Amino acid sequence: GLDAIVRAVPTAVVRSRAEYLDDVRAQGQEAARAQWVIVALMIVISVMAAFNTGAMAAAERRRELVLARLGGATRAQVIGALTLESLLTTLAGIGVGIAVVLISLAGAGSDPAGGPLVVPWDQAGLVVAGGLALGLIGTLVPAAFVGRARLTALAGLRE
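Residues numbered from 1 in each chain as written. Predicted model: local features only at pLDDT ≥ 70, side-chain atom pairs only at ≥ 80, totals over all residues. Heavy atoms only, no water.

(A) Representation of the overall build of the protein chain within the structure. Helices and strands together make up the secondary structure of the protein chain, namely six helices and zero strands. Overall, the protein chain shows an N-to-C arrangement of helices and strands of α-α-α-α-α-α. Taking 159 residues into account, the globule formula puts the C-alpha radius of gyration at 15 Å, and the protein chain, at 27 Å, lies well above it. Along the longest, intermediate and shortest principal axes, the C-alpha atoms of the protein chain span 90 × 35 × 25 Å. Residues counted as buried form 10% of the 159 residues belonging to the protein chain. Taking as baseline every contact in the protein chain between residues at least 6 positions apart, the subset at least 24 positions apart corresponds to 75%. Split by element, the accessible area of the protein chain, about 12000 Å² in all, is 68% carbon and sulfur. (Helix = DSSP H or I, 4+ residues; strand = E, 2+ residues; numbered from the N terminus. Rg over C-alpha atoms; globule rule 2.2 N^0.38 Å. Buried < 20%, exposed > 50% of the residue type's maximum accessible area, 1.4 Å probe, protein only. Contact = heavy atoms within 4.5 Å. Areas by Shrake-Rupley, 256 points an atom, 1.4 Å probe, with all protein chains shown as cover.)

So this is what it looks like as structure tokens:
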């Protein structure tokens with residue numbers, strides 16, 4: 001019976017169960033690789049956006065940072081203030097992101113045919129920690145480059 005189907009349908013192929021499962025496994029691995037490429041690209045774009053935003057913010061605040069240093073603030077005090085400010089801003093952004101996710105997934109687990117919604121808390125924690133680190137690093141690294149310039153050279157800086 002299968003030979004008749006193969007002759008009638010040119011794209012039909014007869015395979016053993018093992019061959020079929022090998023093909024399914026290979027397609028799954030190929031799909032997983034494609035997903036990891038997409039995830040890597042999203043991470044690269046996020047890192048670029050964070051550093052770009054941090055660089056623009058530091059460039060705009062250069063005069064403010066220089067005046068704080070000339071006014072007697074130590075480098076550690078300026079970095080501490082920037083760290084606190086960056087931490088609060090990043091936590092606010094993460095909080096808004098979590099709220100959006102919770103609102104969008106509010107009814108996701110109520111489908112009786114789909115089963116309960118399972119949240120991998122370890123992976124969610126990793127994403128939140130990565131966002132927190134990216135927010136802090138994306139702000140503090142560009143600000144550190146601005147703070148490396150000589151204060152006397154920047155003292156007369158105009159906007």
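(B) Geometry of the layout of surface pockets. In this structure, the largest pocket spans a volume of roughly 1300 Å³. For the largest pocket, the lining is made up of 41 residues, of which Ile 94, Val 127, Val 128, Gly 130 and Gly 131 are closest to its centre. Those elements that provide at least two residues to the lining of the largest pocket are helix H2 (17-60), helix H4 (75-104) and helix H5 (121-147). The biggest single contributor to the lining of the largest pocket is H5, with 13 residues. Counted by class, the lining of the largest pocket contains 26 nonpolar, 13 polar and two charged residues. (1 Å grid on protein atoms, 1.4 Å probe; cavity = no way out; pocket = protein on both sides within 12 Å on 5 of 7 lines; lining within 4 Å. Points joined across faces, edges and corners; volume = space filled by probe spheres on them. Nonpolar A, V, L, I, M, F, W, Y, C, P; charged D, E, K, R; others polar.)

(C) Representation of the nonpolar core within the structure. Counting six residues, the largest nonpolar core consists of Ala 58, Leu 65, Val 78, Leu 82, Ala 143 and Val 146. When contributions to this core are tallied by element, the ones reaching two or more residues are H4 and H5. Beyond its immediate sequence surroundings of up to four residues, Ala 143 is in contact with Ala 58 and Leu 82. (Core = buried A, V, L, I, M, F, W, Y, C linked by side-chain atoms within 4.5 Å.)

(D) Broad picture of a nonpolar patch on the surface. On the surface, a cluster of nonpolar side chains totalling about 400 Å² of accessible area is made up of Leu 2, Ile 5, Val 6, Val 9 and Val 14. On the secondary structure map, Val 9 appears in the loop between helix H1 (2-8) and H2. (Patch = residues over 30% accessible without salt bridge, like charges linked within 9 Å, V, L, I, M, F, W, Y side chains within 5 Å. Salt bridge = Lys/Arg side-chain N within 4 Å of Asp/Glu carboxyl O.)

None of the figures reported here should be taken as evidence of function without further support.
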